[in-house]
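Commentary on secondary and tertiary structure
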Number of protein chains: 2
Amino acid sequence: MDKSRTRIIVVGCGRVGSLAATLLSGRGHDVVVVDRHESAFRNLGPEFSGFRIAGDASEPSVLKAAEADRAHTLFAATDQDTLNLFVVQLAREEFHVGNVVARVFLPEWEGTYREMGIGTVSPVRLAVETFLGAAGIAEGRSR
Amino acid sequence: MDKSRTRIIVVGCGRVGSLAATLLSGRGHDVVVVDRHESAFRNLGPEFSGFRIAGDASEPSVLKAAEADRAHTLFAATDQDTLNLFVVQLAREEFHVGNVVARVFLPEWEGTYREMGIGTVSPVRLAVETFLGAAGIAEGRSR
């Protein structure tokens, strides 16, 4: 299998999801982006050449349409922690997606997700850590 | 000077600003948080023991009230790129704050900020990079 053409599903086409989908598509990956609102696809960059599915990714029929069963990775990047958690579990349990990553707003949830084998991305925590480093006040990191 | 008690000003008490202010205050720093909306201070954690100023940080009188002239660092963490840029420049030019860091939403602005000597934090870019790493698809990073 050509690893560079593995299917990657990005759920949520806001700022984070659209940038991830655009970068991955620009690098030659086979990307499907799913958002409830068709208007969100305007966030995609011109180099995005993947598929767009307007629908609710917590519906199994939507992940089926995205051919999640042959996806290498699913990134749940909506702005709702509960929806992201639901979608990554659905992808893993029903569609056997090997790599699932959820965007997490509440940093205190990250440990729980990791115990469940779910990759996490917390823009808030990352931003704060980067600020502390940039300001030279990184002593005693909180992780 | 006791480095651990240097004054740090955080502008914008949303998710990023409130977490930064809470962590820094909890570590013993002298933190002032500024937000236009008093209701935003609810985002602060219980370990925050600094000052809260309800006001518009683009007004010099507000930064003066925050005693920006003796601040070590100012972090402009609102959700508006233009306001963040304005506030860090005001802090640097008028109040001689040595360390200024701005939250940036549009990743393409980061280079310009850096050329201006302004530290940047882009939660979106950080989140996408972390996702690419977590998913094992980090080849050919875009930086």
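Since we're looking at a predicted model, the values are computed, not measured. (Residues numbered from 1 in each chain as written. Chains lettered and ligands numbered in written order. Predicted model: local features only at pLDDT ≥ 70, side-chain atom pairs only at ≥ 80, totals over all residues. Heavy atoms only, no water.)

Concerning the packing of helix α5 (residues 123–134) of chain A against helix α1 (residues 15–26) of chain B
Think of two packed helices as two axes; the pair is described by the angle between the axes and how far apart they sit. Their axes nearest at 9 Å, the elements α5 of chain A and α1 of chain B cross at an angle of 50 degrees. Taken together, the axes of α5 of chain A and α1 of chain B are oblique relative to one another. α5 of chain A and α1 of chain B meet at a crossing whose hand is right-handed. Here α5 of chain A contributes V124, R125, A127, V128, F131 and L132 of chain A to the contact with α1 of chain B, which in turn contributes R15, V16, L19, A20, L23 and L24 of chain B. Broken down by class, the residue content of the contact of α5 of chain A with α1 of chain B amounts to 10 nonpolar, no polar and 2 charged. (Axes fitted to C-alpha atoms, helices over the stretch in contact; angles between N-to-C directions. Helix = DSSP H or I, 4+ residues; strand = E, 2+ residues; numbered from the N terminus. Parallel < 35°, antiparallel > 145°, perpendicular 65-115°, else oblique. Left-handed = near helix turned anticlockwise from the far one by under 90°. Contact = heavy atoms within 4.5 Å. Nonpolar A, V, L, I, M, F, W, Y, C, P; charged D, E, K, R; others polar.)

Focus on the sheet that holds strand β2 (residues 30–35) of chain B
Residue and element names in this part refer to chain B. Pairing is parallel across the open sheet formed by 6 strands, whose spatial order is β3-β2-β1-β4-β5-β6. Two strands in the sheet have a free side with no partner beyond their single neighbour: β3 (51–54) and β6 (119–121). The average undirected angle you get between the axes of adjacent strands in this sheet is 20 degrees. Two strands pair when backbone bridges link them, and strand β1 (residues 7–11) and β2 are joined in this way by 5 bridges, in the parallel orientation. Bridged to V10 within β2 is V33. Against the sheet, α1 makes contact with β1, β2, β4 (71–76) and β5 (99–103), and its axis sits at roughly 160 degrees relative to β2, the strand it touches most. (Pairing = 2+ DSSP bridges.)

Topic: unusual backbone geometry
Not every positive phi belongs to a glycine, and E67 of chain A is a case in point at roughly 55 degrees. Within the element layout of this structure, E67 of chain A appears in the loop between α2 (60–65) and β4 (71–76). At H96 of chain B, a position not held by glycine, the phi torsion is positive, near 55 degrees. You can see H96 of chain B is positioned in the loop between α3 (81–95) and β5. For H96 of chain B, a relative accessible area of 62% translates into the label exposed. (Buried < 20%, exposed > 50% of the residue type's maximum accessible area, 1.4 Å probe, protein only.)

Regarding the sheet that holds strand β1 (residues 7–11) of chain A
All names here are of chain A. Taking strand neighbours across the sheet as the criterion, the 6 strands line up as β3-β2-β1-β4-β5-β6 in an open arrangement whose pairing is parallel. Looking along the sheet, the strands with just one partner apiece sit at the ends: β3 (51–54) and β6 (119–121). Going across the sheet, the axis of each strand differs from the next one's by a mean of 20 degrees, ignoring polarity. By the bridge criterion, 4 bridges tie β4 to strand β5 (residues 99–103) in an arrangement that is parallel. Residue pairing in the sheet places L74 in a bridge with V100 of β5. Sitting on the sheet, helix α3 (residues 81–95) is in contact with β1, β4 and β5, with an inclination near 175 degrees to β5.

Considering the interface of chain A and chain B
Residue-level contacts link 36 residues of chain A with 36 residues of chain B. Summed over both partners, the interface of chain A with chain B buries about 3000 Å², with 74% contributed by carbon and sulfur atoms. Applying the counting rule to chain A against chain B returns 0 salt bridges. Secondary-structure elements contributing two or more residues to the side of chain A that touches chain B are α1 (15–26), β4, β5, β6 and α5 of chain A. Among the elements that line the side of chain A that touches chain B, the one with the most residues is α5 of chain A, at 10 residues. A per-class count over the side of chain A that touches chain B returns 22 nonpolar, 9 polar and 5 charged. (Buried area = accessible area lost by both parts, 1.4 Å probe. Salt bridge = Lys/Arg side-chain N within 4 Å of Asp/Glu carboxyl O.)

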